[in-house]
Amino acid sequence: FLSGWNPPAMDSLDVLVLVARCMLASWFLTELHSKISRFSYWVEVVGKAKMPFPTAEMCLVVTLLVIGTMSLITGYRIDVGTSCLLTFLAPTALFFQCSGDRVQSISVGGGLLLLFVTGPGAISVGAAQFALS
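Positions within a chain are numbered from 1, following the residues in the order the chain's sequence is written. Selection of residues for local features in this predicted model requires a pLDDT of at least 70, selection of side-chain atom pairs for listing and counting requires 80 or more, and totals for whole chains, interfaces and linings are taken over all residues. Remark: hydrogens and water are excluded; side-chain values derive from all non-hydrogen atoms of the structure.

Draft legend 1. Here's a closer look at the side chain of S124. A helix here means a DSSP run of H or I that spans at least four residues, while a strand means a run of E at least two residues long, and both kinds are numbered starting from the N terminus. Locating S124 in the fold gives a position in the loop between α5 (99–118) and α6 (127–132). Pairing of N or O atoms within 3.5 Å defines a polar contact, subject to two protein rules: one partner must be a possible hydrogen donor and the other a possible acceptor, and residues neighboring in sequence count only if both atoms are side-chain atoms. Engagement of the side chain of S124 in a polar contact is seen with the backbone oxygen of G121, the distance being 3.0 Å. Whether two residues are in contact is decided by their heavy atoms: any pair within 4.5 Å suffices. The residues touching S124, leaving out its near neighbours within four places in the chain, are R21, T74 and G75.

Spelled out as structure tokens, the structure:
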């Protein structure tokens, strides 16, 4: 089945990139859990902010979080995943968070930008795809 397959060479930095991706993913998993388990509450919050179509916007938020978090965990299409998560983070930080939470979101956004630029690392589904692009 895997005869002839040689895994890519890995070093401790590749392990650290995997750990960093998982740490970022854990933050977004808690956000995802909150948005799904309290969906009607978040629809109400978005509606009170005078945003149009709050239910559709919350469906979009959940979709962005699912795609982005799965991309962080697997490393597949990290460019698409980080873009989805940054698309979620920007309006959240600007419109829905107080200053302390806003700084946290900006910091997480910096980590996402680093992943976008450097790629998913060797321990990922997308390592070969990133190297080819």
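There's plenty left to go through after this.
Draft legend 2. Layout of the confidence of the model for the protein. pLDDT is a per-residue confidence score from the predictor, ranging from 0 to 100. Averaged over every residue, the pLDDT of the protein is 86; the share at 70 or more is 84%. Ranking the elements of the protein by mean pLDDT puts α6 last with 58 and helix α3 (residues 54–74) first with 95.

Draft legend 3. Structural context of α3. In this scheme, a helix's expected span is set at 1.5 Å multiplied by one less than its residue total. Look at α3: 30 Å from first C-alpha to last across 21 residues, which is about the 30 Å you get at 1.5 Å a residue. To sort residues, take the accessible area from a 1.4 Å probe on protein chains only and compare it with the maximum for the residue type: under 20% means buried, over 50% means exposed, and anything in between is partly exposed. Every buried residue belonging to α3 is among M58, V61, V62, L64, L65, G68, T69, S71 and L72, and all of these are buried. One or two steps after α3, the chain reaches G75, where phi turns positive at roughly 85°.

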